[in-house]
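Topology and contacts: notes
Here's the letter readout for the chains.
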Amino acid sequence: MTTRTRILTGITTTGTPHLGNYAGAIRPAILASEDANADSFYFLADYHALIKCDDPQRIQRSRMEIAATWLAGGLDVNRVTFYRQSDIPEIPELTWLLTCVAAKGLLNRAHAYKASVDKNVETGEDPDAGITMGLYSYPVLMAADILMFNAHKVPVGRDQIQHVEMARDIGQRFNHLFGKGKEFFTMPEALIEESVATLPGLDGRKMSKSYDNTIPLFTSAKEMKDAISRIVTDSRAPGEAKDPGNSHLFTLYQAFATKAQEEELRGELLQGLGWGEAKNRLFQLLDGQLGEARERYHQLMSRPSDMEDLLLVGAKKARAVAAPFLAELREAVGLRSFVNQAAAPVAAKKKAAKSSRVLSFREGNSFRFRVLAADGSPLLLSSEFADGKKAGAVIKQLQSGQTLDIRTEAYGFNVWLDGECVAESSAIYADAAQRDAGIEALRVALTPLED
Ligand code: TRP
């Protein structure tokens with residue numbers, strides 16, 4: 001059996017996916033997951049979303065929209081493990097184990113955190129103003145996402161390469177400290193898809209929510225059409241030759257067209273096709289390709305409990321990998337069960353407990369001993385013996401397993417051996433019941449331990 005390549009990536013759930021997200025990340029990821037050699041883990045990084053967003057409604061909406069987008073886009077949940085990060089309690093648990101080995105100096109160098117500090121310094125604020133521990137520890141959580149499933153390849157944008165490198169660094173350190181030669185964690189590699197174009201937005205800059213220049217993906221045909229009508233073009237009139245190489249409208253068209261369709265539009269633009277008509281062509285192309293998926297999207301959004309079920313199945317699949325692995329890691333760092341300890345230390349402890357129950361001591365010229373309960377409380381005090389040998393012989397007899405001759409006396413008791421009182425209770429008890437309990441405790445303390 002050949003081992004498949006495990007490909008893992010997370011999508012932070014803070015926005016609504018747009019056409020640029022679809023072409024740049026969603027579509028290639030779904031295609032990659034169809035490769036027979038790929039074992040894909042795709043998840044909603046909703047713990048990461050909390051770092052950037054404190055609006056519960058927006059978090060919730062985005063989680064649903066992103067789930068529906070991937071499913072509508074054709075993600076096959078039977079092939080892929082598709083889950084919500086927050087459904088996997090092993091991830092925050094691993095995050096803590098990794099936090100305890102991650103060097104603070106490493107995290108000081110994280111771009112996202114540094115950018116926030118720089119901004120504060122620039123504006124004369126305290127360097128840490130508005131910076132949460134979430135932002136600071138962001139790369140450790142991401143390392144846990146990746147290392148938990150021993151991903152080989154992590155498709156990410158360029159801004160995330162550093163985080164994948166940090167995951168390697170932290171994972172390596174854990175391997176070194178606790179692996180004893182065993183490599184717990186696979187070293188992940190960032191996968192940057194060079195061939196995937198970043199789509200231009202309406203104004204020609206990179207399509208991004210922060211530039212407010214996006215084309216909506218599945219919202220509605222009308223909204224897509226409206227956005228397309230706002231694509232900025234030059235002012236050449238219909239009939240004038242257009243330069244396709246200088247038109248981001250054409251670039252958008254290229255990203256979805258076949259080679260033949262692309263050449264056709266190129267030719268027509270050169271021959272003076274009007275921009276209005278070109279926009280119409282783009283809309284037809286996109287609507288043709290995405291119309292059905294849009295239908296599926298709205299169906300999914302209208303049946304959230306179906307999505308909930310799918311994601312819980314995904315979580316179950318993911319946890320079937322995560323839980324046993326985390327158990328191993330807990331074991332490695334010393335978070336272990338108290339039972340099933342190695343046999344040797346237990347035997348040693350038994351012996352120690354036994355010897356601690358009888359305490360011999362000297363008092364003036366005589367020898368005496370005490371018997372202590374397992375918790376250390378005194379039960380019995382011997383009479384005075386003229387020599388240590390005699391005291392030792394009495395102890396031995398009391399511990400031999402023979403029936404003890406214990407005689408009560410009011411709320412205390414005495415122990416007799418060969419017609420001689422050899423010891424008395426250490427205490428006078430409050431009542432008969434407590435005295436009898438004391439006698440019982442003495443019997444237990446003197447019972448020989450079986451080996
Ligand atoms: N930080 C990533 C982003 O903003 C999302 C993410 C979270 C991720 N955990 C991940 C990506 C693990 C890849 C692997 O794009």
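Residues numbered from 1 in each chain as written. Predicted model: local features only at pLDDT ≥ 70, side-chain atom pairs only at ≥ 80, totals over all residues. Heavy atoms only, no water.

**Some details on the domain arrangement of the protein**
By domain assignment, the protein separates into domain 1 (5-196 + 303-333), domain 2 (199-260) and domain 3 (357-446). Each of domain 1 and domain 3 was reduced to a C-alpha centroid, and the two centroids are 66 Å apart. (Domains from an automatic or database assignment.)

**Points about the site of the ligand**
Lining the immediate surroundings of the ligand are 14 residues, of which Thr12, His48, Tyr138, Asp145 and Gln160 lie closest. Between the ligand and the protein, one listed contact pairs a nitrogen atom with a side-chain N or O atom of Tyr138 at 2.5 Å. Measuring from a nitrogen atom of the ligand, one finds a side-chain N or O atom of Gln160 at 2.9 Å. Those elements that place two or more of their residues in the shell around the ligand are strand S1 (5-12), strand S2 (38-45) and helix H7 (133-148). In terms of residue class, the shell around the ligand is built from 8 nonpolar, 5 polar and 1 charged. (Near = heavy atom within 4 Å. Polar contact = N/O pair within 3.5 Å; in protein donor to acceptor, adjacent residues only side chain to side chain. Helix = DSSP H or I, 4+ residues; strand = E, 2+ residues; numbered from the N terminus. Nonpolar A, V, L, I, M, F, W, Y, C, P; charged D, E, K, R; others polar.)

**Points about the UniProt feature "short sequence motif: 'HIGH' region" (unreviewed entry) in the protein**
Under the UniProt annotation, the feature "short sequence motif: 'HIGH' region" (unreviewed entry) is placed at residues 13-21. The span residues 13-21 shows a helical share of 33% and a strand share of 0%, and its end C-alpha atoms are spaced 12 Å apart. (UniProt positions renumbered as here; feature names shortened; annotations may be inferred.)

**With respect to the packing of helix H4 (residues 90-99) against helix H13 (residues 304-333)**
Relative orientation of the contacting elements H4 and H13 amounts to 25°, with a least axis distance of 10 Å. The angle between H4 and H13 places the two elements in the roughly parallel class. H13 is crossed by H4, and the crossing has left-handed handedness. Taking contact as the criterion, the partners of Glu90, Glu93, Leu94 and Leu97 in H4 are, on H13, Arg319, Ala322, Ala323, Leu326, Leu329, Arg330 and Val333. (Axes fitted to C-alpha atoms, helices over the stretch in contact; angles between N-to-C directions. Parallel < 35°, antiparallel > 145°, perpendicular 65-115°, else oblique. Left-handed = near helix turned anticlockwise from the far one by under 90°. Contact = heavy atoms within 4.5 Å.)

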